[in-house]
Amino acid sequence: MSPVRIVLIYQSLLGIYGDRGNAMVLAKRLEWRGIDHELIVVEPGEPVPPDAGVYLLGGGEDMAQISAVRALTSDTNLFRGMDAGAVLFAVCAGYQICGQTFTVGDHDEVIDGLGLLDVTTRRGPQRAVGEILTRWTRPDGSVSLITGFENHGGFTTLGADAAPLAQVEVGIGNSGDGTEGAVQGRAIGTYPHGPVLARNPDLADHVLSLALGRDLEPLDLPEVDRLRADRIAHVRAGRRRVGA
Ligand code: GLN
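Predicted, not measured: the structure shown is a model, and the values here were computed from it.

## Quick look at the sheet that holds strand β3 (residues 54–57)
Piece 1. Spatially, six strands are ordered β2-β1-β3-β4-β12-β11 in an open sheet, and the strand pairing comes out mixed. The two strands at the open ends of the sheet, each matched to only one other strand, are β2 (37–42) and β11 (182–184). Between one strand and the next, the sheet's axes are offset by a mean angle of 15°, whatever the strand orientation.
Piece 2. Direction of pairing for strand β1 (residues 4–9) relative to β3: parallel, over a ladder of three bridges. The partner of Val7 across the bridge, within β3, is Tyr55.
Piece 3. Across the sheet, helix α1 (residues 20–32) touches β1, β2, β3 and β4 (87–91), and the angle it forms with β1 is around 170°.

## Description of unusual backbone geometry
Of all residues except glycine, most have a negative phi; of all peptide bonds, most are trans.
Piece 1. A cis geometry characterises the amide bond from Gly194 onward to Pro195, with omega recorded as -5°.
Piece 2. Within the secondary structure, Pro195 is located in the loop between β12 (187–190) and α5 (196–199).
Piece 3. Even without being a glycine, Tyr10 presents a positive backbone phi close to 60°.
Piece 4. Its location among the elements puts Tyr10 in the loop between β1 and α1.
Piece 5. For Tyr10, a relative accessible area of 1% puts it in the buried group.
Piece 6. Positioned with a positive phi, Asp108 is a non-glycine residue whose angle comes to about 50°.
Piece 7. Examined against the element boundaries, Asp108 turns out to sit in the loop between β5 (101–104) and β6 (109–112).

## Points about the environment of Trp136
Piece 1. The topology assignment puts Trp136 in strand β7 (residues 119–137).
Piece 2. Separated by 78 residues in sequence, Trp136 and Gly58 place their C-alpha atoms 20 Å apart.
Piece 3. Contacts of Trp136, omitting those with residues within four sequence positions, involve Ser142, Val143, Ser144, Ile146, Leu165, Ala166, Asp202, Leu203 and His206.

## A short note on α1
Piece 1. In a regular helix each residue adds 1.5 Å, so 13 residues correspond to 18 Å; α1 covers 19 Å between its end C-alpha atoms and thus fits that length.
Piece 2. Among all positions of α1, only Gly21, Asn22, Ala23, Val25, Leu26, Ala27, Arg29 and Leu30 are buried.
Piece 3. Each element contacted by the buried residues of α1 is listed here: β1, β2, β3, β4, α5 and α6 (201–212).
Piece 4. Directly after α1, the chain includes Gly34, whose backbone phi takes a positive value near 70°.

## Digging into the environment of Ser12
Piece 1. Mapped onto the fold, Ser12 is located in the loop between β1 and α1.
Piece 2. Residues Ser12 and Ala68 lie 56 residues apart in sequence; the distance between their C-alpha atoms is 9.7 Å.
Piece 3. If we ignore the near neighbours within four places in the chain, the residues touching Ser12 are Glu43 and Pro44.
Piece 4. A polar contact is formed between the side chain of Ser12 and the side chain of Glu43, at a distance of 2.6 Å.

## Topic: the pairing of β6
Piece 1. Note that β5 and β6 share four bridges and pair antiparallel. What sits directly across from Phe102, in β6, is Ile111.

## Notes on the site of the ligand
Piece 1. Not every one of the 15 residues close to the ligand is listed here, only the nearest: Asp62, Gln65, Cys92, Asn151 and Gly154.
Piece 2. Gly60 places a main-chain nitrogen or oxygen 3.0 Å from an oxygen atom of the ligand.
Piece 3. A distance of 2.8 Å separates a nitrogen atom of the ligand from a polar atom in the side chain of Gln65.
Piece 4. Counting only elements with at least two residues in the shell around the ligand, the list comes to α2 (62–75), α4 (93–97) and β8 (143–158).
Piece 5. The element that contributes the greatest number of residues to the shell around the ligand is β8, accounting for four residues.
Piece 6. Residues that form the shell around the ligand fall into these classes: three nonpolar, nine polar and three charged.

Calculation notes
Note that residues are indexed from 1 along each chain, following the sequence as it is written. Local features in this predicted model are restricted to residues of pLDDT 70 or higher, and side-chain atom pairs are both shown and tallied only at a pLDDT of 80 or more, whereas totals for entire chains, interfaces and linings draw on every residue. Water and hydrogen atoms were dropped before computing side-chain values, which therefore reflect all heavy atoms in the structure. Each pair of strands is called paired provided DSSP finds at least two bridges between the two strands. Only runs of H or I of at least four residues qualify as helices and only runs of E of at least two qualify as strands under DSSP, and these elements are numbered from the N terminus. A fitted line through C-alpha atoms serves as each axis, taken over the contacting stretch for helices, and the angle formed by two N-to-C directions is quoted from 0 to 180°. What makes two residues a contact is simply this: any of their non-hydrogen atoms within 4.5 Å. Burial here depends on accessible area, computed with a 1.4 Å probe over protein chains only, as a share of the maximum for the residue type. Under 20% is buried, over 50% is exposed, and the range in between is partly exposed. Under the convention used throughout, the expected extent of a helix is 1.5 Å for every residue step, that is, one less than its residue count. Think of a polar contact as two N or O atoms within 3.5 Å of one another; within protein, one of them needs to be a possible hydrogen donor and the other a possible acceptor, and neighboring residues in sequence only count if both atoms come from side chains. Being near a molecule or strand, for a residue, comes down to having at least one heavy atom within 4 Å of it. For this classification, the nonpolar set comprises Ala, Val, Leu, Ile, Met, Phe, Trp, Tyr, Cys and Pro, the charged set comprises Asp, Glu, Lys and Arg, and every other residue, Gly included, is treated as polar.

See the structure below:
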């Protein structure tokens, strides 16, 4: 079997929130299981490999989003990779640019997104900043908590073809409507940083399972479980809500 190819896209544009950690987490969880993989970092001007198992996009500032969406649109290989069955995991600015449109800047200029997720993003009434806790229903029907840190001015509305990734327990998420993130086919968008896949191993393994087409045996990492429990207790102790 060929190595699982993890492609981290445009760190110079979408790298300021530490979301590259998601790529490291995926690679490490494959390594711990002895599964062959490679991690490729692609910068603007370099072609995106069209044959990834997982594409990763991270958070960034408004103007960087415009550059990223333009470069990805002209490159076209992300679309080819998704057509070929890759998984896409996109965070915050990365999530927004995967949608139909998003707005940026003081004049709320509307920019076309990549159209990989049926969502639209507009400037919200406030900036969503702080710890977020959501409830994610896993494919087997069990619920897993997702913890992270959100920091976005854009508020996202889902269209008919996208389903929410999770329901918000603490924080704002998509727009304060109780939903967080979006899933459409093999594309997943979400707001939390953390990096979110470091804080939420179940979600990391879900992304890997999608890419591999099979379930993965669990990893026993008590220190990760302890840190996670601390985070969840911390965010529940300092509840936030829209308007707070
Ligand atoms: N620029 C976007 C916003 O503020 C995304 C920010 C981010 O990626 N954290 O909505």
